[in-house]
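Structural description and commentary
Now for the letters of each chain:
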Amino acid sequence: MPRHTGLNNIPGLVSRRQYPFDLIEPRWQHRWEEESTFRAFNPGDSVPADHPFAKRHGVSGTVTAAQLPPKYYILDMFPYPSGAGLHVGHPEGYTATDILARWRRARGFHVLHPMGWDSFGLPAEQYAVKTGQHPRITTQENIANFTRQIRSLGFSYDWSRELATTDPGYFRWTQWIFLQLYHAWFNPATNKAEPISTLDYPEGCDTEEKRRAHRDGKRLAYVSEQPVWWCESLGTVLANEEVVDGKSEVGGFDVVRRPMRQWVLRITAFADRLLADLNTLDWSDSLKEMQRNWIGRSEGAEVDFALEGHAARIRVFTTRPDTLYGATYLVLSPEHRLVADITSAAQRAGVLDYQAQVASKSDLERTELAKDKTGVFTGACAINPVNGARIPIWIADYVLASYGTGAIMAVPGHDTRDHEFAQKFQLPIVQVVQPPEGVDWRGFVGEGTAIHSGHLDGLPTREAKQTITAWLEGQGTGRRTIHYKLRDWLFSRQRYWGEPFPIVWRTGADGVSHHEALAESELPLVPPDLSDYKPTASGDPPLARAKDWVNLPGGVVRETNTMPQWAGSCWYYLRFLDARGGAGFVSREAESYWMNSPGRTPGVDLYVGGTEHAVLHLLYSRFWHKALFDLGHVSTAEPFHKLVNQGLILGEDSQKMSKSRGNVVNPDDILEEFGADAFRLYEMFMGPLADTKPWNTRGVEGVYRFLGRVWRLYVDEKSEVAFEQALAAAAHPGTELLDLLILHGAITEVAAGPAQSKALHACIKKVSEDLEGLRFNTAISAMMVFVNEANGWQARPVSVMKAFLQLLAPFAPHLAEELWSRLHAAFGERAPSLSHAPWPVFDPAHLVEDTLEIPVQVNGKLRGHITVMRGTSDAEIERQALACERAQPWLAQKTVKKVIIVPNRLVNIAVA
RNA sequence: GCGCGUGUGGCGGAAUGGCAGACGCGCCAGACUUAGGAUCUGGUCCUGAAAGGGGUGUGGGUUCAAGUCCCACCUCGCGCACCA
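All figures in this text were calculated on a predicted structure; none of them were measured in a lab.

Right, let's get into the packing of helix α21 (residues 697-714) against helix α24 (residues 776-790). Relative to each other, α21 and α24 sit at 45°, their axes nearing to 10 Å. Between α21 and α24, the angle falls in the class oblique. Considering only the axes of α21 and α24, their crossing is left-handed. Facing α21, whose interface residues are Val 703, Phe 706, Arg 709, Val 710 and Leu 713, α24 presents Met 783, Met 784, Val 787, Asn 788 and Ala 790. Considered class by class, the residues forming the contact of α21 with α24 number eight nonpolar, one polar and one charged.

Quick look at the structure:
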């Protein structure tokens, strides 16, 4: 793609810029930094008397929560600082939140708008494996580059709260939170996490070893030997959420199921609350739905089937206990532990063969070949508890070992999968639900009326479920159950560049090794430096190479796994509240002010980021937050009240941007040529924030020209020529050249005329409303309309011109600040800080028109217009409409049936 | 397959049930200019000489009035995907 570099490409010619953004933007960025313009103050902080916040709100010195204006916490999903640098997709959300942060400040809110770095992660580690360079160095370099790029966009972050998850001062508290989870258990009676000390021990726990085993089995952070996703290429295990279509989400490498000893967090204990509390959040329906799907709550019953000739019973899970009479066979997953016991001698060979077949299939194959059902008969039979029917037991891979009980009762009459299977293997299909009139019962899976079902006959599905479940409970052969798709969170990784677990392993007197937590005073536990970052030959994590670090006196060894990248991002929004505090992960006072101010939105007011975190980060964060809430460390049940996903930005070819397609747009190039304000404006002008939309550099030129028109509205043309000549002559052009520019002569202290006030107030109204609704594109269009009109004004009242800059400021803050200060200077005033200036007040009186032009329709088609005075009676409007000359051809020879008058808007004459 | 979303000029996109296409890009014409890829002005849904007619994925419906509401279908996108 040719770069639109304009005159820059032609040797000997200096680029003619629309306006000198290259001098203006650094000037204001420097000023904001120097002044700490965007610093947010915690209760207890001292507010300098000369800070614009102090002047605006009349507070200074040490402030209390009550003295501070209403809080507004607006948060971006912090980035992983990759080596590739910023992508045009990053600044989309960041620009949106910056505009809103600046707007909230103008409206008098006390805005917290921080930025930081999610800096643990695989790329820096892979680079270390290749080059031996410590990931810390790589990470520092990348952070420096990201910082430069983000700062050059002029975002109003409070940089004093900047954090990085890789900073020991930060991950000390990530480890501390892990210890809180480790030292807690979930009490089902209270439905809350509680300190492990409240745990009761069952009878028989008479030794410390038994008590420990019981305790360790109940912790929110526990160790489990279980089949996990192992990725050979990445050299680590992955969480369920990190595996997509049988491949690693990162890199797309093969993964295999392998039993390993791992740290796991008990997120499933919170499944119900994670689900229920979604209803309290202002998130998009689709996002909530994704979380609901992932949690996958399903209500049903477990039913125990007795076996013919065996003492064991087979427990199945079903959401349709009402169809129990229609269960004509059972299916176990091929991995079910009873398969070996029940298989008859005659079927043994076939069963073993099938099991081997299934085991060799990857999960991908198993799901891709889902269409064609396979399975084999075990030779065993079960007894249907409801009617004593003898039904065969099969194994088939359409039943998953990992869900429910790993076994089902098959109801081929009313389940699509069972129906397919039964047809293929000629198993009996019976009807037990009567569908609505005219619907075939075969394969009918909806709700209906029970039939051929003994005492359930005639009951609607819902009641039949209740009745049969109660009956099963009475018989002791079943019970109401809720199952979740959500699995506990696999929390350990075989990596170097992550938080080490604050855990050691000690071998007890019984020879059994057990884990123990480090004391909080031993945090942070910093990973040792290595010369080789690869896992060991025996498959141990890289940390195992640091023998001095791992081995402690008395045969005690450190845990060598590390935490996943999600750990650091689980709670960063809390650390921002008190980023430098050393007394705790967050101070109680800061937490309660920013997250739980009386009368304010609880939690983060607005959180903006990509959909890719819909189930990972957002679910994990909510889980940690709830655990911290239960344990009394935070004061709200949910972290993020309102959440908005920005849409993807595609390349100019409407394809996903990627290096291989060569359609990646680098923000640095755009900034170089058009400046930060134009870049910001364009990203917001492209379309609705949440939509996917293609990049178009021509579009940037459009908004850039708009900013040029704004500039020329305020700056004298002749002085611009002088400025440009000086600029061309200067060896090292500096900001002092800007002094050559003078204000446009048309800007004077005259009173605004009615048309001018109308233009301004229409703009104030539209921009204000659109910002409230996050409609940045239409807000910008309203400002363009204003500028197009103001261009034609002979006199430009300074009051109007000032107010417009305030509207523009959130979007194009550098240009607005520059013109704002010039405007004040030209009239001998000291400019108050634009960043803290009160938002212009909309006055509807300016929009009222004395005369109205009203369209006249005949039978809904536009035929003409009439001009009437405001307040004209309906009768008079009707008279004039009927007399409307342009409409006469459609009214002649017709009978007027009805005249509809929409006040001030329209007249429609219905004729026949 | 299920769930959610989307469909409007050459393009990005606007339109509390009330004048479809705001604003921007592109394109056309003009002005200023040695010059224009700068700037300014005007034009730009289709058809038609005009009057007019047609037009928001398709088909139906509600309404004085439908891009907008209802029903059915189609398209594309996203998510889930044998979850019992």
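Lining the immediate environment of RNA strand B, one finds 54 residues, of which Gln 18, Thr 319, Arg 417, Lys 485 and Met 784 sit closest. Counting only the atoms of RNA strand B that lie within 4 Å of the protein, the sugar and phosphate share comes to 62%. Here a base oxygen of RNA strand B sits 2.6 Å away from a polar atom, N or O, in the side chain of Lys 373. Take Asn 908: an N or O atom from its side chain is 2.6 Å from a base oxygen of RNA strand B. Per-class residue counts for the surface near RNA strand B are 21 nonpolar, 17 polar and 16 charged.

As a general point, the strands of a sheet are linked pairwise by backbone hydrogen bonds and lie either parallel or antiparallel. Taken together, the four strands give an open sheet; going across it, the order is β35-β34-β37-β36, and neighbouring strands pair in mixed fashion. Each edge of the open sheet is held by one strand with a lone partner, namely β35 (861-869) and β36 (896-902). The average angle at which neighbouring strand axes cross in this sheet is 20°, direction not considered. Sheet analysis places strand β34 (residues 851-858) next to β35, joined by eight bridges and oriented antiparallel. Following the sheet pairing, Val 858 is matched in β35 by Lys 861. Along the sheet face, helix α27 (residues 874-883) touches β34, β35, β36 and β37 (906-911) and points at about 130° away from the line of β35.

What follows deals with the pattern of salt bridges. Enumeration over the complete set of coordinates arrives at 48 salt bridges. A salt bridge links Glu 559 to Arg 261; the shortest N-O distance between them is 4.0 Å. Placement of the pair is Glu 559 in the loop between β27 (556-558) and α16 (566-569) and Arg 261 in strand β13 (residues 256-265), with a sequence separation of 298 residues. Of the residues examined, Glu 559 reaches a relative accessible area of 1% and is grouped as buried. Residue Arg 261 is classed as partly exposed on the basis of its relative accessible area, which comes to 37%. The shortest N-O distance in the salt bridge between Glu 829 and Lys 802 comes to 3.3 Å. Separated by 27 residues along the polypeptide, Glu 829 in the loop between α26 (813-826) and β34 and Lys 802 in helix α25 (residues 798-808) bring together distant segments of the chain. Residue classification places Glu 829 among the partly exposed positions, given a relative accessible area of 35%. Linked through salt bridges whose partners overlap, the residues forming this network are Asp 272, Arg 297, Glu 299 and Arg 480.

The next point concerns the sheet that holds strand β9 (residues 221-231). Read across the sheet, four strands follow the order β10-β9-β13-β23 without closing on themselves; strand pairing throughout is antiparallel. Edge positions in the open sheet fall to β10 (236-238) and β23 (489-490), since each of these has one partner strand only. Both β9 and β13 contribute to a ladder of 10 bridges, which runs antiparallel. Pairing of Glu 225 across the sheet is with Arg 261, part of β13. Taken strand by strand, helix α6 (residues 168-182) contacts β9 and β13, and its axis lies near 90° from that of β13.

Moving on, we get to the confidence of the model for chain A. Averaged over all residues, the pLDDT of chain A equals 90, while 97% of them reach at least 70. Note that residues 1-14 has pLDDT below 50 and, in this model, 15 contacts with residues that lie over four places away or in other chains. As a predicted assembly, this complex carries a pTM of 0.92 together with an ipTM value of 0.95.

Let's shift gears to the pairing of β36. Both β36 and β37 contribute to a ladder of six bridges, which runs antiparallel. For Lys 898, the partnering residue across the bridge sits in β37 and is Ala 910. Hairpin connection of β36 to β37: three residues between the antiparallel strands, including Asn 904 at a positive phi of 65°.

Reading the values: rules and limits
Residues numbered from 1 in each chain as written. Chains lettered and ligands numbered in written order. Predicted model: local features only at pLDDT ≥ 70, side-chain atom pairs only at ≥ 80, totals over all residues. Heavy atoms only, no water. Axes fitted to C-alpha atoms, helices over the stretch in contact; angles between N-to-C directions. Helix = DSSP H or I, 4+ residues; strand = E, 2+ residues; numbered from the N terminus. Parallel < 35°, antiparallel > 145°, perpendicular 65-115°, else oblique. Left-handed = near helix turned anticlockwise from the far one by under 90°. Contact = heavy atoms within 4.5 Å. Nonpolar A, V, L, I, M, F, W, Y, C, P; charged D, E, K, R; others polar. Near = heavy atom within 4 Å. Polar contact = N/O pair within 3.5 Å; in protein donor to acceptor, adjacent residues only side chain to side chain. Pairing = 2+ DSSP bridges. Salt bridge = Lys/Arg side-chain N within 4 Å of Asp/Glu carboxyl O. Buried < 20%, exposed > 50% of the residue type's maximum accessible area, 1.4 Å probe, protein only. pLDDT = per-residue confidence, 0-100.

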